[in-house]
Amino acid sequence: MTNDLRQYLQLLEQRQQLRRITVPVDPDLEMAEICNRLLAAGGPALLFENVIGSPYPVAINLLGTVERVCWAMNMNHPLELEALGEKLAKLQQPKPPKTLSQALDFGKILFDVIRAKPSRELLPPCQQVVIKTPDLDLRQLPLIRPYPKDAGKIITLGLVITKDCETGIPNVGVYRLQLQSPTTMTVHWLSVRGGARHLRKAAARGKKLEVAVAIGVHPLIIMAAATPIPVDLSEWLFAGLYGGGGIHLAKCKTLDLEVPAQSEFVLEGTITPGEVLPDGPCGDHMGYYGGVEDSPVIHFHCLTHRRNPIYLTTFSGRPPKEEAMIALALNRIYTPILRQQVPEIVDFFLPMEALSYKAAIISIDKAYPGQARRAALAFWSALPQFTYTKFVIVVDKEINIRDPRQVVWAISSKVDPSRDVFILGDTPFDSLDFASEKIGLGGRMGIDATTKIPPETDHPWGDPLTSDPEVARRVTERWQEYGLGDIDLTAVDATRFGYELDPAFRWR
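Figured I'd write up the structure that's included with this text. (Residues numbered from 1 in each chain as written. Predicted model: local features only at pLDDT ≥ 70, side-chain atom pairs only at ≥ 80, totals over all residues. Heavy atoms only, no water.)

1. Notes on the overall build of the protein chain
Next up, step 1: The secondary structure content of the protein chain amounts to 14 helices and 21 strands.
Next up, step 2: Its C-alpha atoms give the protein chain a radius of gyration of 25 Å, near enough to 23 Å, the size a compact globule of 508 residues would have.
Next up, step 3: When the backbone C-alpha atoms are referred to their principal axes, the protein chain occupies close to 80 × 55 × 55 Å.
Next up, step 4: Taken over 508 residues, the protein chain has a buried fraction of 49%.
Next up, step 5: Intrachain contacts of the protein chain at a sequence separation of at least 6 include 70% that bridge at least 24 residues.
Next up, step 6: In the protein chain, 55 side chains carry a positive charge and 59 a negative one; their mean positions are 4 Å apart. (Helix = DSSP H or I, 4+ residues; strand = E, 2+ residues; numbered from the N terminus. Rg over C-alpha atoms; globule rule 2.2 N^0.38 Å. Buried < 20%, exposed > 50% of the residue type's maximum accessible area, 1.4 Å probe, protein only. Contact = heavy atoms within 4.5 Å. Lys, Arg positive; Asp, Glu negative; His and termini not counted. Charge placed at Lys NZ, Arg CZ, Asp CG, Glu CD.)

Structural data, given as structure tokens:
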């Protein structure tokens, strides 16, 4: 297991998944344009060593493929993420063990929780250099501006850390910050997020909210911060569960907050409740520029960093982007948790092209009429992030939900729109979704693409077409004899089936 960002970069370089760019590159537009093209092609991570306007190198696209996300989690295949999800499912909704083996298994999980508890580091690397006002100038950081109509330079992969003033439980979120002055930035978070909740509580008590921003942490900690977890659980504990051991934390220099001790940079500041500035427009994950919103202002008064620090960044936009790869990994992790809450669900998939949460495809082991509709309704309420899913397509368990050809076939052959499509109107919705008639309020659609059984239909369903098992076996055995052994049946060229996958579409 790599311990920090630097070791993870070394791992990528050893596996020939890191390219060093030594020529001067501008963080204003140019850096994102280069990365965008590589993201569309599933290309390597980048380390820009000569950044115009800043003395610090910039790492980007570290999580630009599902493979690299798995490496960050100390895994090699996405299916391994489901084993982690099974462990988390047992922790979120523990059941009394009925056998000795179940008791032993749960005891192992509890031991993992004990090992995952964070520890305090007294001489943390993240505080090797300390800069306080009046010497602090955020413009020295290599903040990127990804798109030409963006209002300003942004921080995108900083862990924004706050604390509940009543319970003392911290929240670690990944929110966008926009530069406003040499010492101030606005933070863009939804009202349901932990940081916004902490700010409301601080305002009710007439207090400022302390905020720390940790930049350049191990990607595994970013995964933990992006995971939707119950309010009373700590992202630090989840990071320890993900990594198999507790992470090292350090107390901030000027705040009563803790940050990852191996962070490359740490910003320390406060928010005065009610103080806001216009934030945006800025390119967002929907593929458009978001609107201008009055957002809380963070006044930073201290910056600490490691010696020779590395700045880590990313940016949002139409997939594929790093956030989409993170979402695909979280999809795998949360599959067992969803199965535990909705037992008839066999599998579910959030396609990247549907912005990783706008459309869900669910397969079920259908046993009774109306079950597909029940599964769709249960999905929408299973986890908070599914609240913003617009389309839920339910198919039979035999359908490979990660093969769009099979899904489209199921919809086309098994759906009568007058019977199998249902719409829920005027539900709470994502404020970034411009398709909604009213911002923050929109509809949802469920599509039952399962085989219908009485009384869903009053006529028998046709038998599916299948090969004769004996003939299929004989053909497999004689494949080389036919002279066809050089044909790779697993390689699929989409253009041969009429698809036109324009690579420019993904980054334009």
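On we go.
2. Describing the state of the cysteines
Next up, step 1: Using the criterion set out here, one finds 0 disulfides in the structure.
Next up, step 2: Unpaired in terms of disulfides, Cys-126 finds its nearest cysteine sulfur in Cys-252, a separation of 7.7 Å.
Next up, step 3: In this model Cys-302 remains outside any disulfide bridge; the closest cysteine sulfur is found in Cys-252, 8.2 Å from its own.
Next up, step 4: Residue Cys-302 is classed as buried on the basis of its relative accessible area, which comes to 0%. (Disulfide = S-S within 2.5 Å.)

3. Let's talk about a nonpolar patch on the surface
Next up, step 1: Taken together, the side chains of Tyr-288, Phe-434 and Ile-439 define a hydrophobic patch exposed on the protein surface, amounting to about 340 Å² of accessible area.
Next up, step 2: The residue Phe-434 is located in the loop between β20 (421-428) and β21 (441-449) in this model.
Next up, step 3: The exposure class of Phe-434 is partly exposed, given its relative accessible area of 41%. (Patch = residues over 30% accessible without salt bridge, like charges linked within 9 Å, V, L, I, M, F, W, Y side chains within 5 Å. Areas by Shrake-Rupley, 256 points an atom, 1.4 Å probe, with all protein chains shown as cover. Salt bridge = Lys/Arg side-chain N within 4 Å of Asp/Glu carboxyl O.)

4. Digging into the environment of Arg-473
Next up, step 1: Structurally, Arg-473 is set in helix α13 (residues 469-477).
Next up, step 2: Accessibility expressed as a relative area gives 38% for Arg-473, which makes it partly exposed.
Next up, step 3: When the C-alpha positions of Arg-473 and Leu-143 are compared, they lie 60 Å apart, and in sequence the two are 330 residues distant.

5. Let's talk about the side chain of Asn-36
Next up, step 1: Along the chain, Asn-36 turns up in helix α2 (residues 30-40).
Next up, step 2: A residue is classified by how much of its surface remains accessible, and Asn-36, at 5% relative accessible area, is buried.
Next up, step 3: Engagement of the side chain of Asn-36 in a polar contact is seen with the side chain of Lys-321, the distance being 2.8 Å. (Polar contact = N/O pair within 3.5 Å; in protein donor to acceptor, adjacent residues only side chain to side chain.)

6. Let's talk about the side chain of Thr-162
Next up, step 1: Position of Thr-162 relative to the elements: it lies in strand β7 (residues 159-163).
Next up, step 2: Reaching out from Thr-162, the side chain makes a polar contact with the side chain of His-198 at a distance of 2.8 Å.
Next up, step 3: Filtering out sequence-adjacent residues up to four positions away, Thr-162 remains in contact with Ile-169, Pro-170, Asn-171, Gly-195, His-198, Leu-209, Glu-210, Val-211 and Leu-257.

Geometric descriptors of this kind do not, in isolation, establish any biological role.
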